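# Observations on chain architecture
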Amino acid sequence: MIGIKTARAIAHSNIALIKYWGKREGTPGVPDDLNLPAVGSLSLTLDSLRSETEVGPSPSERDAFVLNGEHRGDTMAAKVFRHLDRIWAETGNSGPRPPCQVISHNHLPTSAGLASSASGFAALTLAGAAALELDASPAALSALARRGSGSAARSLWGGFVRLERGHLADGSDCQARPLFPASHWDVRLLIVHTARGPKAIGSTEGMERCRRTSPYYSSWVDTSEGDLAAAEAAIAARDLAALGPVMEQSCFKMHACMMATYPPIIYWNGVTLEVMRAVWEAREAGLEGYATSDAGPHVKVLCLAATAEALAERLAAQPGVLAVESVGPGPNAQVEVFG
Ligand code: DP6
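This structure is a prediction, so every number in the text was calculated from the model and none was measured. (Residues numbered from 1 in each chain as written. Predicted model: local features only at pLDDT ≥ 70, side-chain atom pairs only at ≥ 80, totals over all residues. Heavy atoms only, no water.)

### Some words on the overall build of the protein chain
Just so we agree on the cut-off: Here a strand is any run of E in DSSP of at least two residues, a helix any run of H or I of at least four, and the numbering for each starts at the N terminus. For every residue, the accessible area (1.4 Å probe, protein chains only) is compared with the maximum for its type, and the residue is labelled buried under 20%, exposed over 50%, or partly exposed between those bounds. Note on definitions: a residue-residue contact is assigned when non-hydrogen atoms from the two residues lie within 4.5 Å. Asp and Glu are treated as the negative residues and Lys and Arg as the positive ones, with His and the ends of the chain left uncounted. For this purpose, a charge sits on NZ of Lys, CZ of Arg, CG of Asp or CD of Glu.
When you go through the protein chain residue by residue, the secondary structure sums to nine helices and 12 strands. Seen through its principal axes, the protein chain has C-alpha atoms that stretch 65 × 40 × 40 Å. A burial count over the protein chain gives 53% of its 339 residues as buried. Residue pairs at least 24 apart in sequence account for 78% of intrachain contacts in the protein chain once pairs closer than 6 positions are excluded. For the protein chain, the separation between the mean place of its 30 positive charges and that of its 35 negative charges on side chains is 3 Å.

### Let's talk about the packing of helix H1 (residues 75–91) against helix H2 (residues 116–131)
Definition in use: Between N-to-C directions, angles cover 0 to 180 degrees, with each direction set by a line fitted to C-alpha atoms, over the stretch in contact for helices. Note on terminology: angles under 35 degrees are roughly parallel, angles over 145 are roughly antiparallel, angles of 65 to 115 are roughly perpendicular, and the others are oblique. The sense of a crossing depends on the near helix, which, turned anticlockwise from the far helix by less than a right angle, makes the crossing left-handed and, turned clockwise, makes it right-handed. Each residue is assigned to one class: nonpolar for Ala, Val, Leu, Ile, Met, Phe, Trp, Tyr, Cys and Pro, charged for Asp, Glu, Lys and Arg, and polar for all the others, Gly among them.
Where H1 meets H2, the closest approach of the two axes is 10 Å, and the angle between their N-to-C directions is 45°. One element, H1, and the other, H2, form an angle in the oblique class. Remark: the crossing between H1 and H2 carries right-handed chirality. Touching Lys79, Val80, His83, Leu84 and Ile87 of H1 are Phe121, Leu124, Thr125, Gly128 and Ala129, all from H2. Taken together, the residues of the contact of H1 with H2 sort by class into six nonpolar, three polar and one charged.

### Here's the deal with the nonpolar core
Stated precisely, the cut-off is as follows: Residues belong to one nonpolar core when they are buried, are Ala, Val, Leu, Ile, Met, Phe, Trp, Tyr or Cys, and are joined through side-chain atoms within 4.5 Å.
One finds Val55, Leu84 and Val102 to be the most contacted residues of the largest nonpolar core, which totals 40 residues. Those elements that place two or more of their residues in this core are strand E1 (7–18), strand E3 (64–67), H1, strand E5 (100–107), H2, helix H3 (138–148) and strand E6 (160–163). Counting residues per element, this core draws most heavily on H2, at nine residues. Excluding residues within four positions of it along the chain, Leu84 makes contact with Val55, Arg97, Cys100, Val102, Leu124, Gly128 and Leu132. Core analysis: the next-biggest nonpolar cluster, separate from the first, contains 26 residues, Leu42, Leu46, Tyr290 and Val327 among them.

### Things to note about the packing of aromatic side chains
Inclusion rule: Side-chain rings of Phe, Tyr and Trp (the six-membered ring for Trp) are treated as a pair once their centres are within 6.5 Å; stacked means planes under 30 degrees apart, edge-to-face means over 60, and tilted covers the remaining angles.
Taken as a whole and judged by the stated rule, the model has four aromatic pairs. Ring geometry for Phe252 against Trp268: centres 5.8 Å apart, planes inclined by 80°, an arrangement best described as edge-to-face. One end of the pair, Phe252, is in helix H7 (residues 240–259); the other, Trp268, is in the loop between H7 and helix H8 (270–284), with 16 residues separating them in the sequence. Judged by its relative accessible area of 14%, Trp268 is buried. A network of ring pairs unites the aromatic residues Phe252, Trp268 and Trp280 as a single cluster.

### Points about the environment of Leu302
By the secondary structure assignment, Leu302 is in strand E10 (residues 299–304). On the basis of relative accessible area, Leu302 is assigned to the buried category, the value being 0%. Along the primary structure Leu302 and Val187 are separated by 115 residues, whereas in three dimensions their C-alpha atoms are 7.0 Å apart. Once you skip the residues sitting within four places of it in the chain, Leu302 turns out to touch Leu44, Val187, Arg188, Leu189, Leu240, Leu243, Met247, Glu288, Gly289 and Tyr290.

Spelled out as structure tokens, the structure:
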């Protein structure tokens, strides 16, 4: 049997400022396992929220997955091993993939709209590729991470990252690239927690329902490239007043598209809306912040580092808010091979 190495990777979570929501319709003859997004996206990688994943030979004859100290044999484990199969297929080795042990720690709430799949699949891709000795460029690894979860393609780099929609049927031009490193701009993302527990509808299913039933889906897709260009220019100029409105509108367009599906998808709760109002009121009062939210009820607020403390305090006082975390721009993902 072919031996494999043991490798450990750390990848940080990211939050999309310009959202990815929706998948390209399958191309005849191309496996839909490619997970190709219908739109490009632009994100900020976050410090402190991260996944650490080790991939190595399994001590038994079978694959094993341990997440946060707990053995898993569920659909999440199946997704993990399927992703290792993709990596193995890319190595060009013939024969079955050797059984692997995957030990992962998420330093963030799993499946609560805080993008654990982004950091999780990015770390799994890097550790898996190193353990299975796949020789691939960072861009190719990003495309591979995308097949596990679209947002994971962006978590390979720190700072501000853009994932291109791409046009090729094989997905090879659908890769992320770093735009600006974490040091480019001293911003903070305030994560305003408004609920506990996992989300009701996974993003993959929510996206598909939008594509099939939302009358707003095509407008959502058609306006995305313009948002990406405007956001990239605003970030280059470190211009929060220019970035904020585009970023908020990308979020609201995505959620409007979801709400218009049938059955409707509403990830927000009442507190989500009240927090958004509080963000706008704070802005009027001179504390400049801009809100976004993902497939969950939490609100994320982008502001300058100098404003973060006062704004966080104000939002924490909002009824129903459970906690406010202030997170800065995070670093590149890293991988280490040790055996
Ligand atoms: C709302 O990357 O979780 O967070 O590719 O189906 O795994 P899959 O989806 P996923 O979707 C992320 C959606 C989002 C916006 C974003 O991160 O761009």
